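Spelled out from the first residue to the last, the chains are:
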Amino acid sequence: MQFDQRQTLLFQSAQLARLLSLRLREKLVPVGVQPAQAAALIEIGLDEGLTQKQLVERLEVEQPGVARTLNGLEAEGWITRQGLGGRAQGLYLTDKARAVVPGAIAATAETDREVLGGLSRTEQAHLLDALQELIAGLKRA
């Protein structure tokens with residue numbers, strides 16, 4: 001039986017995710033945050049006061065990972081939580097975080113541009129559309 005796992009979507013997407021994460025991690029060194037922290041800070045900055053549940057939905061990741069990231073961000077003085085009534089708490093950036101979010105956005109956008117730069121705009125659009133379709137299909141399954 002001949003099977004080359006390197007020619008599967010699973011292998012290629014895992015490699016891509018690993019390499020993208022490493023590239024972004026390098027670009028975020030001057031900002032002082034890790035990729036998961038940057039993603040959370042960017043989303044919170046776009047809509048301060050959103051809840052942890054809303055952040056989980058926006059980032060499309062597991063709740064325990066978001067909880068760990070938020071606990072670390074709070075302990076390091078990047079975010080604060082304020083009660084919204086009931087048990088819900090809104091997430092807010094501190095001044096420390098507001099100062100670095102533009103750099104996190106720039107690092108993320110630059111990484112994206114660098115990785116997609118070898119493709120035409122049409123190829124970029126087709127790739128992103130195809131990936132979104134695959135993701136949507138997996139969510140429905």
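Each remark here, short or long, concerns the structure printed above.
Scope of this entry: the structure provided in the associated data block. (Residues numbered from 1 in each chain as written. Predicted model: local features only at pLDDT ≥ 70, side-chain atom pairs only at ≥ 80, totals over all residues. Heavy atoms only, no water.)

**Observations regarding the packing of helix H2 (residues 35-46) against helix H3 (residues 52-59)**
Point 1. Where H2 contacts H3, the axes come no closer than 11 Å and their chain directions differ by 115 degrees. The pairing of H2 with H3 is recorded here as roughly perpendicular in orientation. Every pair of crossing elements has a handedness; the one defined by H2 and H3 is right-handed. Of the residues in H3, those in contact with Ala39, Ala40, Glu43 and Ile44 of H2 are Leu55, Arg58 and Leu59.
Point 2. A per-class count over the contact of H2 with H3 returns 5 nonpolar, no polar and 2 charged. (Axes fitted to C-alpha atoms, helices over the stretch in contact; angles between N-to-C directions. Helix = DSSP H or I, 4+ residues; strand = E, 2+ residues; numbered from the N terminus. Parallel < 35°, antiparallel > 145°, perpendicular 65-115°, else oblique. Left-handed = near helix turned anticlockwise from the far one by under 90°. Contact = heavy atoms within 4.5 Å. Nonpolar A, V, L, I, M, F, W, Y, C, P; charged D, E, K, R; others polar.)

**Quick word on helix H5 (residues 95-116)**
Point 1. Spanning 22 residues, H5 covers 33 Å between terminal C-alpha atoms, matching the ideal 32 Å at 1.5 Å per step.
Point 2. Along H5, the sharpest kink reaches roughly 30 degrees, centred on Val101 and followed within four residues by the proline Pro102.
Point 3. In this fold, the buried residues of H5 make contact with helix H1 (9-28), H2, strand S2 (89-93) and helix H6 (121-140). (Expected span 1.5 Å × (residues − 1). Bend = angle between axes of the 7 residues up to and from the residue.)

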